[in-house]
Amino acid sequence: MGPEIQNARAAIRWATDYFIKCAIATPNTLYVGVGDPTTDHKCWERPEDMDTARTVYSVSASKPGSDVAGEIAAALAAASMVFRKVDPKYSRLLLATAKKVMQFAMQYKGAYSDSLGSAVCPFYCSYSGYKDELLWGAAWLWRATNDASYLNFLQTLGANDATDIFSWDNKLAGARVLLARRTLVDNDKRFESFKQQAEDFMCRIIPNSPSSSTSYTQGGLMFKLAESNLQYVTSITFLLSTYAKYMSASKYTFNCGNVRVSSATLRNLAKQQVDYILGENPLKMSYMVGFGANFPKRIHHRGSSIPSKASHPQAFGCDNGFQSFFYTSNPNPNTLTGAIVGGPNQNDGFPDDRTDYSHSEPATYINAAIVGPLAYLAGSYSS
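Residues numbered from 1 in each chain as written. Predicted model: local features only at pLDDT ≥ 70, side-chain atom pairs only at ≥ 80, totals over all residues. Heavy atoms only, no water.

A. Spotlight on the overall build of the protein chain. The helix and strand tally for the protein chain stands at 15 helices and 6 strands. Against the compact-globule benchmark of 21 Å for 383 residues, the protein chain has a radius of gyration of 21 Å, which places it among compact chains. Overall, the protein chain is about 60 × 55 × 40 Å in size when its C-alpha atoms are taken along their principal axes. Here the protein chain, with 383 residues, has 49% of them falling under the buried criterion. Accessible surface, the protein chain as shown: approximately 17,800 Å² in total, 54% of it carbon and sulfur. When the 36 positive and 32 negative side-chain charges of the protein chain are each reduced to one mean point, those points stand 9 Å apart. (Helix = DSSP H or I, 4+ residues; strand = E, 2+ residues; numbered from the N terminus. Rg over C-alpha atoms; globule rule 2.2 N^0.38 Å. Buried < 20%, exposed > 50% of the residue type's maximum accessible area, 1.4 Å probe, protein only. Areas by Shrake-Rupley, 256 points an atom, 1.4 Å probe, with all protein chains shown as cover. Lys, Arg positive; Asp, Glu negative; His and termini not counted. Charge placed at Lys NZ, Arg CZ, Asp CG, Glu CD.)

Shown next, in the form of structure tokens:
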């Protein structure tokens, strides 16, 4: 990553500092959300002007949230490896906190949306349940610690459902790819079943595979679901590029029926998806704001669509932003450089309409996942 490594560490630390606070502020409590989603959605105002209640939500022994706890444990454990050599003290704090949060997730089982109700639903319900996040958390803690108790736990979890998706809600495919690394890279046969599950996932994604369950648009974009489809494209592409890297390291290939799959197969599919997002598509539209000559100008984003405080110091208020800035056809006054929107429809069309949140809203779960494929492709082609 060269000169970007410091920026990458700083970005990770910004998030993990927050997770540590959420985990240690109150004994046997994990803070998981701030703000009433229904109330917040009723306002179209700049973040600097927000005056809705900053209600705090948490899970506990009596209100469990194994899914959100497993997810946070995974993030902390993964981050501990990033800082292991450059900041050993911080790395140890991350790992100790990850273990604590994972123990909470395993001991008090339950879905956070069952505990918190309308505080998270219908926006971010745990539709996939919590076993996938327990698998995800245990997989990352096993990777970070080599503690056999995590391996024993994940092997008895029974999280064996087949899947053709990877997202903020469903972590099964990601956990399997991570665990398959032990077989592919380290030749540890105990993880053979996870390798088989990871390859079953790949075979459900590859377009010419006999077991493929993934649609593609005429322009070549993976198409999973109508709402914010690019979140699935970036997340799945992250797994394609990761598995391609593992396969390349071990000079490994596998078969989807009679279709032979190599590292290059997965890398080429990953590149095709990234290229589409960045502008190689029927509309010649870059779905990354600020990248290329043609990109979305009316994204569904409050701070981008409302004039800045520098140009308009007075607050607009909760309701006043809708008529003047939400419903207008004018381009957004502020360019949210780097943000990736929900993307085109199944016909490769994109209306660039702020009110059409399914296609025009950017999200961290779209952007975060594409960082891996971009870094992988940049490294592949620079070398």
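B. Molecular detail of the nonpolar core. Judged by nonpolar contacts, the single largest core of 96 residues is most densely connected at Leu30, Met102, Leu135, Met202, Leu240, Tyr243 and Leu266. Non-local contacts of Leu240, meaning those with residues more than four positions away in its chain, are made with Met202, Ile205, Met222, Leu266, Leu269 and Ala270. Counting residues in hydrophobic clusters, the runner-up holds 6 residues, among them Trp44, Phe316, Phe322 and Phe326. (Core = buried A, V, L, I, M, F, W, Y, C linked by side-chain atoms within 4.5 Å. Contact = heavy atoms within 4.5 Å.)

C. Helix α4 (residues 88-107), seen in detail. Across its 20 residues, α4 extends 28 Å between first and last C-alpha, which sits within 8% of the 28 Å expected from 1.5 Å per residue. Taken residue by residue, α4 has Tyr90, Ser91, Leu94, Leu95, Thr97, Ala98, Val101, Met102, Phe104, Ala105 and Met106 as its buried positions. Where α4 is buried, its residues meet α1 (5-24), β1 (29-34), β2 (56-60), α3 (66-82), α6 (131-145) and α7 (148-155). (Expected span 1.5 Å × (residues − 1).)

D. Region of interest: a nonpolar patch on the surface. A cluster of nonpolar residues, Tyr18, Val34 and Val56, forms a patch on the protein surface that exposes about 280 Å² of accessible area. Position of Val34 among the secondary structure elements: in strand β1. According to the relative accessible area criterion, Val34 is partly exposed, its value standing at 45%. (Patch = residues over 30% accessible without salt bridge, like charges linked within 9 Å, V, L, I, M, F, W, Y side chains within 5 Å. Salt bridge = Lys/Arg side-chain N within 4 Å of Asp/Glu carboxyl O.)

E. Spotlight on the state of the cysteines. Counted by the stated rule, this structure contains 3 disulfides. What pairs with Cys43 in a disulfide is Cys318, and their sulfur atoms sit 2.0 Å apart. Disulfide Cys43-Cys318: torsion about the S-S bond near -95°, hence left-handed. Here Cys318 lies in the loop between α12 (302-305) and α13 (320-326) and Cys43 lies in the loop between α2 (37-41) and β2, a separation of 275 residues in the sequence. (Disulfide = S-S within 2.5 Å.)

F. Structural view of the pairing of β2. The buried count for β2 comes to 4 of 5 residues, which makes it a mostly enclosed element. Here β1 runs beside β2; their pairing, made up of 5 bridges, is antiparallel. Residue pairing for β2: Val34 is matched across the bridge by Val56. (Pairing = 2+ DSSP bridges.)

G. Structural detail: the pattern of salt bridges. Taken as a whole, this structure holds 15 salt bridges when the rule is applied. The residue Asp186 makes a salt bridge to Arg181 at a minimum N-O spacing of 3.6 Å. Residue Asp186 is classed as partly exposed on the basis of its relative accessible area, which comes to 40%. Relative accessible area serves as the criterion here: at 18%, Arg181 is assigned to the buried category. A salt bridge links Arg182 to Asp186; the shortest N-O distance between them is 3.6 Å. With a relative accessible area of 14%, Arg182 lands in the buried category.

H. Up close: the packing of helix α10 (residues 230-250) against helix α15 (residues 364-382). Closest axis-to-axis distance for the α10/α15 pair is 8 Å, and the angle between their directions is 30°. Between α10 and α15, the angle falls in the class roughly parallel. As α10 runs across α15, the sense of the crossing is left-handed. Each of Leu230, Gln231, Thr234, Ser235, Thr237, Phe238, Ser241, Ala244 and Lys245 in α10 lies in contact with α15, whose residues at this interface are Tyr365, Ile366, Ala369, Ile370, Gly372, Pro373 and Tyr376. Tallied by class, the residues present in the contact of α10 with α15 amount to 9 nonpolar, 6 polar and 1 charged. (Axes fitted to C-alpha atoms, helices over the stretch in contact; angles between N-to-C directions. Parallel < 35°, antiparallel > 145°, perpendicular 65-115°, else oblique. Left-handed = near helix turned anticlockwise from the far one by under 90°. Nonpolar A, V, L, I, M, F, W, Y, C, P; charged D, E, K, R; others polar.)

I. Representation of the packing of α4 against α6. Here α4 crosses α6 at 145°, and the two axes come no closer than 11 Å. Considering the relative orientation of α4 and α6, their crossing is left-handed. Contacts between α4 and α6 involve Leu95, Ala98, Lys99, Met102, Ala105 and Met106 on the former and, on the latter, Leu134, Gly137, Ala138, Leu141, Ala144 and Thr145. For the contact of α4 with α6, the per-class residue count stands at 9 nonpolar, 2 polar and 1 charged.

J. Structural detail: α7. Buried residues of α7: Tyr150, Leu151, Phe153 and Leu154, and no others. Angularly, the buried residues of α7 cover 160° about the axis, an arc narrow enough to put them on a single face. Those residues of α7 hidden inside the fold are in contact with α4, α6, α8 (172-184) and α9 (192-205). (Arc of directions from axis to C-beta.)

K. Inspection of the packing of aromatic side chains at higher detail. For the structure on display, the rule yields 20 aromatic pairs. Between the aromatic rings of Tyr124 and Tyr365, the centroid separation amounts to 6.2 Å while the plane-to-plane angle is 75°, which identifies the pairing as edge-to-face. Here Tyr124, found in the loop between α5 (112-116) and α6, pairs with Tyr365, found in helix α15; they are 241 residues apart in sequence, far enough to count as distant. Judged by its relative accessible area of 37%, Tyr124 falls in the partly exposed class. With a relative accessible area of 24%, Tyr365 lands in the partly exposed category. (Phe/Tyr/Trp six-rings, centres within 6.5 Å; stacked < 30°, edge-to-face > 60°.)

The values reported here are purely geometric and, on their own, carry no functional implication.
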